[in-house]
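# Residue-level structural notes
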Amino acid sequence: MKKIVIPFLIFTVIIILIFVFFGGSEIYFQDLLEEARVNPSYYGFLSFLILSSDIVLPVPSSIVMHFNGMVLGTFLGASLSLTSVMISSIVGYYLGRSTEWFIKSKSNTKESDFFSKYGVFAIILSRGIPILSESIVLICGYNRFNFKSFMGYSLLGYVPICLLYAYFGNLSNNLFFIAIFISILLSFIAWYIGKQIAKRNKQEL
């Protein structure tokens, strides 16, 4: 499990340190978007840049996605959020691949089988969870998880999250915490379904 656990812990610690040392940038990003709301075109461009850099910067992604719905409406807001976070995922995937040379670990079949079985659920259920989401993306790249599958499962996990925040943002700015609660609930539902499928597959073997 070294090729999964050790890199995961390293990536998680790095991401947490970034949030700790550059935590003030979250407020800065929020202020930028607040000021840009009067100009939807400029707001969209700024939001895209901020969300796309989520993998390397401490971006308050859930707040940004909520703002997108509030400023651009449900469909446009969700589309902008989805495009941005998918690009961020691509960047994170290849960043993870590039770290293999300094996080030394020999691959083995058991680890590959483990990631093939549970990587799908890890990708989907982590999309709405800060820090865990970025760590899983980097781990996927580090373990060279099939890129097309990674993109497909990321899309599957992000679509409901982006729609959720955009919808509640479009309804009211006061519903943000309800959106967060539902987002976490969706993650737990995905985890439970994944656990049941894994258990059923194990019984069939």
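Structural notes, computed from the coordinates. (Residues numbered from 1 in each chain as written. Predicted model: local features only at pLDDT ≥ 70, side-chain atom pairs only at ≥ 80, totals over all residues. Heavy atoms only, no water.)

### Side note on helix 5 (residues 74-98)
We apply this condition: Each helix is a run of H or I in the DSSP string that is no shorter than four residues. Each strand is a run of E no shorter than two, and both are numbered from the N terminus. Expected span of a helix: the number of residues minus one, times 1.5 Å. Burial status follows relative accessibility: with a 1.4 Å probe on protein chains alone, a residue under 20% of its type maximum counts as buried, one over 50% as exposed, and anything between as partly exposed. Here a residue-residue contact requires only that any non-hydrogen atoms of the pair lie within 4.5 Å.
The first and last C-alpha atoms of helix 5 sit 36 Å apart over 25 residues, in line with the 36 Å expected at 1.5 Å per residue. Every buried residue of helix 5 is accounted for by Gly77, Ala78, Leu80, Ser81, Ser84, Val85, Met86, Ser88, Ser89, Gly92, Tyr93 and Gly96. Where helix 5 is buried, its residues contact helix 3 (40-52), helix 4 (61-72), helix 7 (132-142) and helix 8 (147-171).

### Here's the deal with the packing of aromatic side chains
Aromatic ring pairs: the centre-centre distance and the angle between the two ring planes describe each pair. This is how it is decided: Aromatic rings from Phe, Tyr and Trp, taking only the six-membered ring of Trp, are treated as a pair when their centres fall within 6.5 Å; an angle between ring planes under 30 degrees marks them as stacked, one over 60 as edge-to-face, and anything in between as tilted.
Following the criterion strictly, the structure yields seven aromatic pairs and no others. Relative to Phe147, the ring of Tyr94 lies with its centre 5.5 Å away and its plane at 45°, an arrangement referred to as tilted. One end of the pair, Tyr94, is in helix 5; the other, Phe147, is in helix 8, with 53 residues separating them in the sequence. For Tyr94, a relative accessible area of 42% puts it in the partly exposed group. A residue is classified by how much of its surface remains accessible, and Phe147, at 27% relative accessible area, is partly exposed. A centroid spacing of 6.2 Å and a plane angle of 35° characterise the contact between Tyr165 and Phe176, whose relative ring orientation is tilted. Of the two residues, Tyr165 sits in helix 8 while Phe176 sits in helix 9 (residues 176-204), which places them 11 residues apart along the sequence. Owing to a relative accessible area of 2%, Tyr165 belongs among the buried residues under this scheme. Phe176 gets classed as buried once you look at its relative accessible area, which sits at 12%. Put simply, the rings of Tyr93, Tyr94, Phe147 and Phe150 touch in pairs and so form one group of aromatic residues.

### Quick notes on the packing of helix 3 against helix 5
What counts is decided by this rule: With axes taken as lines fitted to C-alpha atoms, and helix axes fitted only over the stretch in contact, angles between N-to-C directions fall between 0 and 180 degrees. Here is the rule for handedness: rotate from the far helix to the near one, and if that takes an anticlockwise turn smaller than a right angle the crossing is left-handed, while a clockwise turn gives right-handed. Amino acids are sorted into nonpolar (Ala, Val, Leu, Ile, Met, Phe, Trp, Tyr, Cys and Pro), charged (Asp, Glu, Lys and Arg) and polar (every other residue, Gly among them).
Running from amino to carboxyl end, helix 3 crosses helix 5 at an angle of 35°, the nearest separation of the two axes being 8 Å. Viewed along their axes, helix 3 and helix 5 form a crossing whose handedness is right-handed. Here Gly44, Ser47, Phe48, Leu51 and Ser52 of helix 3 lie close against helix 5, whose contacting residues are Leu80, Ser81, Thr83, Ser84, Val85, Ile87 and Ser88. When its residues are assigned to classes, the contact of helix 3 with helix 5 shows five nonpolar, seven polar and no charged.

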